[in-house]
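Each chain is listed here by its residues.
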Amino acid sequence: MNILTYLLVKQTFWEDLMEELEDVWKMFEDFFLMIKEVTYDVLVNSVGGESVNLILIGIGAVAVMLILLAIINR
């Protein structure tokens, strides 16, 4: 009887792996949500949503240009 109960309750390796990956995903999600609350939300409340979005788009464009220039100049 104990063996039958053990086999019914035991999770497979794949189920354990999927559960661990979901936990890791949840941790990353919580981490980046915390960073967003500390930075982006504070800037939006103080400056305004459109201005912050334009600044972030500009920073992203400059970052892409620098990366592409580094690749091209190799």
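Refer to the structure above for everything that follows.
Every chain begins its residue count from 1, and numbering advances along the sequence as written. In keeping with the predicted nature of the model, local features appear solely for residues at pLDDT of at least 70, side-chain atom pairs appear and are counted solely at 80 or more, and the whole-chain, interface and lining totals rest on all residues. Water and hydrogen atoms play no part in the side-chain values, which are based on all heavy atoms of the structure.

Asker: Help me understand the packing of aromatic side chains, please; the structure alone is not making it clear to me.
Answerer: The description of an aromatic ring pair uses the distance of the two centres, along with the angle that the planes make with each other. Between the rings of Phe, Tyr and Trp (Trp by its six-membered ring), a pair exists once the centres lie within 6.5 Å; its type follows the angle of the planes, with under 30 degrees stacked, over 60 edge-to-face, and the other angles tilted. The final tally for this structure, using the stated rule, is two aromatic pairs. Ring plane angle 20 degrees and centroid distance 6.5 Å describe the contact between Phe-28 and Phe-32, whose orientation is recorded as stacked. Of the two residues, Phe-28 and Phe-32 are both situated in helix H2 (residues 13-38); the distance of four residues between them amounts to about one turn of the helix. Taken together, a centroid distance of 5.3 Å and an interplanar angle of 70 degrees make the contact between Phe-31 and Phe-32 edge-to-face. When accessible area is computed with a 1.4 Å probe and restricted to protein chains, residues below 20% of their type maximum are described as buried, those above 50% as exposed, and intermediate ones as partly exposed. In this structure Phe-31 comes out as partly exposed when scored by relative accessible area, which is 42%. Connected via pairs of aromatic rings, a cluster forms that spans Phe-28, Phe-31 and Phe-32. Each helix corresponds to a stretch of at least 4 residues labelled H or I by DSSP, and each strand to a stretch of at least 2 residues labelled E; elements are numbered beginning at the N terminus.

Asker: What is the right way to read the pattern of salt bridges from this model?
Answerer: Side-chain pairs of opposite charge can arise where the charged atoms are in close proximity. When a carboxyl oxygen of Asp or Glu lies within 4 Å of a side-chain nitrogen of Lys or Arg, that pair is called a salt bridge. Applying the stated rule across the entire model yields two salt bridges. Two residues, Asp-30 and Lys-26, come together in a salt bridge whose shortest N-O distance is 3.6 Å. Residue Asp-30 and its partner Lys-26 are located together in helix H2, separated by four residues, close to a single helical turn. Asp-30 sits in the partly exposed class, given a relative accessible area of 38%. Between Asp-41 and Lys-36 there is a salt bridge, and its shortest N-O distance comes to 3.0 Å. Residue Asp-41 is classed as partly exposed on the basis of its relative accessible area of 24%.

Asker: Mind showing me how you'd approach a nonpolar patch on the surface here?
Answerer: Only residues whose relative accessible area exceeds 30% and that form no salt bridge enter a patch; like-charged residues are grouped when within 9 Å of one another, and nonpolar side chains (Val, Leu, Ile, Met, Phe, Trp, Tyr) when within 5 Å. Residue burial considers only the protein chains on display, and all accessible areas are found by Shrake-Rupley using a 1.4 Å probe. Where nonpolar side chains cluster on the molecular surface, the patch consists of Val-24, Met-27, Phe-28, Phe-31, Phe-32, Met-34, Ile-35 and Val-38 and spans about 780 Å² of accessible area. When its relative accessible area of 41% is taken as the criterion, Met-34 is described as partly exposed.

Asker: What is the right way to read a negative patch on the surface from this model?
Answerer: Positive charges come from Lys and Arg, negative ones from Asp and Glu, while His and the chain ends are left out of the count. By convention, charge coordinates are those of NZ in Lys, CZ in Arg, CG in Asp, or CD in Glu. Taken together, the side chains of Glu-15, Asp-16, Glu-19, Glu-20, Glu-22 and Asp-23 make up a negatively charged region of the molecular surface. Its place among the elements puts Glu-15 in helix H2. Residue class for Glu-15 comes out partly exposed when judged on its relative accessible area of 42%.

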